[in-house]
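One letter stands for each residue in the lines below.
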Amino acid sequence: YREPGILSGYRPPRSSACECLLSLFGMNNETLNIWTHLVPAGYFLWLLLARLRDSGAEAGAGPFLAYLGTCALYPLASSAAHALGALGGRGRHRAYCSDGPAVLPGSALAYSAYVFPLEWVGSTFHDFYVPVAVLNSVLSTGLSCYSRFLEAERPCLSKAFRTLAFVYPYLFDSIPVFYRLSRSVAGSCSEGSLPLHSRHCLCALLTFLSFTSHLPERLAPGSFDFIGHSHQLFHICGILGTLFQLEAVSMDMAERRGRLPLPSSLETFGSLGMGAAASLAILGVCFHSLCPEPPSR
């Protein structure tokens, strides 16, 4: 399970769960991967609890709360996967497969309720936008889990599937944002949230580049084993993008209040629940199908 350009700092393979958790407090090449997502997960969870406390006086906050919940869930699942990634047997694969169901359609729910172009409201695309986003999240989970079965024998294909698992849902969910940004460039639209949306898109691009390039460690193998390697940059760019996205959605929610039809709580959390249930079912099948690793010689 060695990574290109990372020469040292690996934890002992087939570690116990206790040893994996204790590794959070020692310096290894996964330490900052864990903390760069664990700390933001705590921050987003704190924001969610604060909004839940005040949501009784705020109508139409359901999609935002669902979105904020997924903002807290995905870095928490990622940090747990990295923390338990040195488990023995099937534990490592199960830990990383559990990261897949965190790709839930929270962004799509918020975009549909607050961010959609006004001229698209009520269109066929708007009507099917959230159901397709839910389907995409389920397919993303399946693709992410399936990539784990290919990791040992076909690592390049495994990496390609894993990349596609988060790139495709992002591109589909962002179609309304891309359209609004294109109108802004053409000079026919100017809204206060668009600079924040553009920063979020830039961070998403940097996230993709850092995940696929393995830079800078490929240029200087061994120099970035503990601090500064590409997966840490991938985490940081992803969190910064989420922060910009959160600010943009909050601004759109305030400025466009009453201009877009808001879904009911049943529609919002029903869509989120169906996506989560289907993803967990795929995860269960994956757990059952994983074969144990051969014993070491």
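Residues numbered from 1 in each chain as written. Predicted model: local features only at pLDDT ≥ 70, side-chain atom pairs only at ≥ 80, totals over all residues. Heavy atoms only, no water.

If you look the protein chain up in an unreviewed UniProt entry, it shows as MPRGB protein from Hypocryptadius cinnamomeus. Here is the UniProt Subcellular location (unreviewed entry) comment for the protein chain, exactly as written: "Membrane". As stated in UniProt under Sequence similarities (unreviewed entry), the record for the protein chain gives "Belongs to the ADIPOR family." (UniProt positions renumbered as here; feature names shortened; annotations may be inferred.)

J.: Just checking my understanding: could you explain the side chain of Ser140 for this structure?
T.: The residue Ser140 is located in helix H6 (residues 124-149) in this model. Separated by 2.3 Å, the side chain of Ser140 and the backbone oxygen of Ala165 make a polar contact. With residues near it in sequence (within four places) discarded, Ser140 still touches Val103, Ala165, Phe166 and Pro169. (Helix = DSSP H or I, 4+ residues; strand = E, 2+ residues; numbered from the N terminus. Polar contact = N/O pair within 3.5 Å; in protein donor to acceptor, adjacent residues only side chain to side chain. Contact = heavy atoms within 4.5 Å.)

J.: Just checking my understanding: could you explain the environment of Pro75 for this structure?
T.: Position of Pro75 among the secondary structure elements: in helix H3 (residues 62-83). Separated by 135 residues in sequence, Pro75 and Ser210 have C-alpha atoms that sit 17 Å apart. Beyond its immediate chain neighbours, meaning those up to four positions away, Pro75 contacts His37, Ala41, Phe44, Thr70 and Ile239.

J.: Honestly, the UniProt feature "binding site: Zn(2+)" (unreviewed entry) in the protein chain in this entry has me stumped. Any pointers?
T.: Taken from the UniProt record, the annotation "binding site: Zn(2+)" (unreviewed entry) applies to His82, His231 and His235. These annotated residues cover 154 residues of sequence, and their C-alpha atoms lie no more than 11.6 Å from one another, placing them together at a single site. Relative to the elements of secondary structure, His82 occurs in helix H3. Owing to a relative accessible area of 6%, His82 belongs among the buried residues under this scheme. When neighbours within four sequence positions are excluded, His82 is seen to be in contact with Arg11, Glu30, Asn33, Ile34, Tyr96, His231 and His235. Its location among the elements puts His231 in helix H10 (residues 230-255). Residues contacting His231, with those up to four places away along its chain left out, are Asn33, His82 and Phe211. (Buried < 20%, exposed > 50% of the residue type's maximum accessible area, 1.4 Å probe, protein only.)

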